[in-house]
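Chain and residue survey
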Amino acid sequence: MSHPAADAADAADAADAADAHPTPAGEQAAFPAWVVRAGEGRRTAAALELVPLTFLEDRGTVVRVQFSSLNYKDALALHGRPGVVRRTPLIAGIDLTGEVVVSDDPALAPGTLVTLDGAGLGEDHHGGLAALANVASDGLVAVPAVFTAQQAAAIGTAGLTAALAIDALEDHGLVPGAGPVLVTGAGGGSGGIAIALLAAAGHEVVAATGRPQQAERLLGLGASSILDRAELEEPGRPLQRQRWAGAVDAAGGQVLASILSSLREGGAVAAFGLAAGTDLPASVLPFILRGVSLLGIDSVRVGIAARRRAWERLARDLDPALLDASTRVVPLANAKDEAAALLEGRGTGRVVVRVSGG
Ligand SMILES: NC(=O)c1ccc[n+]([C@@H]2O[C@H](COP(=O)([O-])OP(=O)(O)OC[C@H]3O[C@@H](n4cnc5c(N)ncnc54)[C@H](OP(=O)(O)O)[C@@H]3O)[C@@H](O)[C@H]2O)c1
């Protein structure tokens, strides 16, 4: 197997060509892909390359990728940070949306528009920042008819995770009218979709952001009020005023500890992120004196039944126009540059990567 490393200009040209003329698998000798290769020490280096079709392992379903998206994990992978890419060389991209070219799953006819989020893409398996992918069919979800391919990609891991978090809270007993539900990381991808989904389901949403300039957009998504993130960043007493009936947390660290100490009796927080850190400087008192719960969300390994349920919620409750208003579309060649903002906590809404036209 050869791994030709074309220079970035050639790869960008190929990305443009793929944009203009999407070509079925088998009719092109090589396709553009963001490839992560081993670098110095634990670091890696990512570049847009032309790779041969043989670069992909046969995992059962070939997808012509139309769109991918940028998540925090993609930013880490594209910028050489450890913790995401588990083997090299590896095509980056934890999300993809596109058309089935051929599949060993009879339920997936050629031309079916599918989306796949997590499931080891861009971590253990070649991912979605490429014109072609070869994936296992067991995590694939048919894109609901209410969404275009671009909108499904805008949802991506961020939207799947937000929906899983709300499913978990409602399974735990959260009902509309129970009290305010806090969303942290509200200005980011997952947080924004969580706000829209919670509001559409009838919950009162408080959006916590470190960026007051995001307030108008977050109110437009359905938040009823805005909380300054700084209020959650200071260590406080283990039992504080009972404020939140539930919470969706993208931050972790002291922010998550503060949420735990101000959940109402029997309330729960669905935690999936580490934007504020991986530590949890918390007390057991809210658990044993208020019966609160900490619900962990892992969108990568979640099974197909939960994925389908989450996409049903998204199709029912996420207004595509609201999603579009919080989405930016960028070309494949710009993925690495665009990802830099996510690493710095400056990401806003969702960034979709146009791979092959759609
Ligand atoms: N467990 C899973 O399956 C799963 C799935 C998806 C994502 N995640 C994780 O969830 C987190 C959010 O993902 P995302 O895609 O929504 O990322 P994102 O678009 O980059 O959003 C993260 C947001 O967190 C806030 N933030 C940044 N720095 C912070 C800090 N120091 N303290 C508190 N908040 C901070 C910012 O919003 P404001 O400026 O508005 O505060 C930022 O926009 C990431 O840590 C990601 O790795 C986990």
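Residues numbered from 1 in each chain as written. Predicted model: local features only at pLDDT ≥ 70, side-chain atom pairs only at ≥ 80, totals over all residues. Heavy atoms only, no water.

1. Digging into helix α11 (residues 335–343)
Those residues of α11 that fall on the buried side of the exposure criterion are A335, E338, A339, A341, L342 and L343. For α11, the secondary structure elements touched by its buried residues are β1 (30–38), β3 (61–70), α2 (72–78), β15 (327–331) and β16 (350–354). Where α11 terminates, the next one or two residues include G345, which has phi positive at roughly 75°. (Buried < 20%, exposed > 50% of the residue type's maximum accessible area, 1.4 Å probe, protein only. Helix = DSSP H or I, 4+ residues; strand = E, 2+ residues; numbered from the N terminus. Contact = heavy atoms within 4.5 Å.)

2. Things to note about the packing of helix α3 (residues 149–172) against helix α9 (residues 304–317)
Direction vectors running N to C along α3 and α9 enclose 100°, while the axes themselves pass 8 Å from each other. Taken together, the axis directions place α3 and α9 in an arrangement best described as roughly perpendicular. Side by side, α3 and α9 meet where A152, I155, G159, L160, A163, L164, I166, D167, E170 and D171 of the first sit next to A306, R307, R309, A310, W311, R313 and L314 of the second. Of the residues in the contact of α3 with α9, the class split is ten nonpolar, one polar and six charged. (Axes fitted to C-alpha atoms, helices over the stretch in contact; angles between N-to-C directions. Parallel < 35°, antiparallel > 145°, perpendicular 65-115°, else oblique. Nonpolar A, V, L, I, M, F, W, Y, C, P; charged D, E, K, R; others polar.)

3. Some words on the pairing of strand β11 (residues 225–228)
Where strand β10 (residues 205–209) and β11 come together, four bridges link them in parallel fashion. Across the sheet, the residue bridging to T209 is D228, located in β11. Crossover handedness for the path β10 to helix α5 (residues 215–221) to β11: right-handed. (Pairing = 2+ DSSP bridges. Right-handed = clockwise from strand over helix to strand, strands pointing away.)

4. Quick word on the UniProt feature "domain: Enoyl reductase (ER)" (unreviewed entry) in the chain
As recorded in UniProt, the feature "domain: Enoyl reductase (ER)" (unreviewed entry) lies at residues 43–353. Helix makes up 32% of residues 43–353 and strand 26%, and the two end C-alpha atoms of the span are 24 Å apart. (UniProt positions renumbered as here; feature names shortened; annotations may be inferred.)

5. Remarks on α9
Taking 1.5 Å per residue as the helical rise, α9 with its 14 residues ought to reach 20 Å, and the 20 Å between its terminal C-alpha atoms agrees with that figure. Listed as buried for α9 are R307, A310, W311, R313, L314 and D317. Down the axis, α9 shows its buried residues gathered within 155° of arc, on one side only. The exposed residues of α9 that point more than 90 degrees off its buried face are A305, E312 and R316. Residues of α9 that are buried in the fold lie against β6 (113–117), β8 (141–142), α3 and α4 (189–200). (Expected span 1.5 Å × (residues − 1). Arc of directions from axis to C-beta.)

6. Description of the confidence of the model for the chain
Per-residue confidence for the chain gives a mean pLDDT of 92; residues scoring 70 or more make up 92%. No element of the chain has a lower mean pLDDT than helix α1 (residues 8–20), which averages 45, and none a higher one than strand β9 (residues 181–183), which averages 99. Segment residues 1–26 is flagged for pLDDT under 50; beyond a separation of four residues in sequence, or across chains, it makes 39 contacts in the model. (pLDDT = per-residue confidence, 0-100.)

7. Considerations on the site of the ligand
As a structural note, the neighbourhood of the ligand is formed by 26 residues, with G187, T209, R211, R229 and S299 the closest of them. One nitrogen or oxygen atom from the side chain of R211 is found 2.7 Å from an oxygen atom belonging to the ligand. In the environment of the ligand, an oxygen atom lies 3.0 Å from a nitrogen or oxygen atom belonging to the backbone of L274. Within the complex, the protein chains bury 89% of what would otherwise be the 910 Å² of accessible surface of the ligand. Of all the secondary structure elements, the ones that give two or more residues to the shell around the ligand are α3 and α4. A per-class count over the shell around the ligand returns ten nonpolar, twelve polar and four charged. A domain split of the shell around the ligand shows at least three residues from each of domain 1 (8–143 + 326–354) and domain 2 (156–296). (Near = heavy atom within 4 Å. Polar contact = N/O pair within 3.5 Å; in protein donor to acceptor, adjacent residues only side chain to side chain. Areas by Shrake-Rupley, 256 points an atom, 1.4 Å probe, with all protein chains shown as cover. Domains from an automatic or database assignment.)

8. Here we look at the sheet that holds strand β4 (residues 90–91)
Read from one edge of the open sheet, three strands run β2-β1-β4, paired in antiparallel fashion. A single partner strand is all that each edge strand has here, and the edge strands are β2 (44–52) and β4. Pairing of β1 with β4 involves two bridges; the strand directions are antiparallel. Bridge pairing in β4 places V36 opposite L90.

9. A closer look at the pairing of strand β7 (residues 132–135)
Burial along β7 is two-sided: the residues L132 and N134 and A133 and V135 are all buried. Here β3 runs beside β7; their pairing, made up of four bridges, is antiparallel. If you follow R64 over to β7, its bridge partner there is L132.

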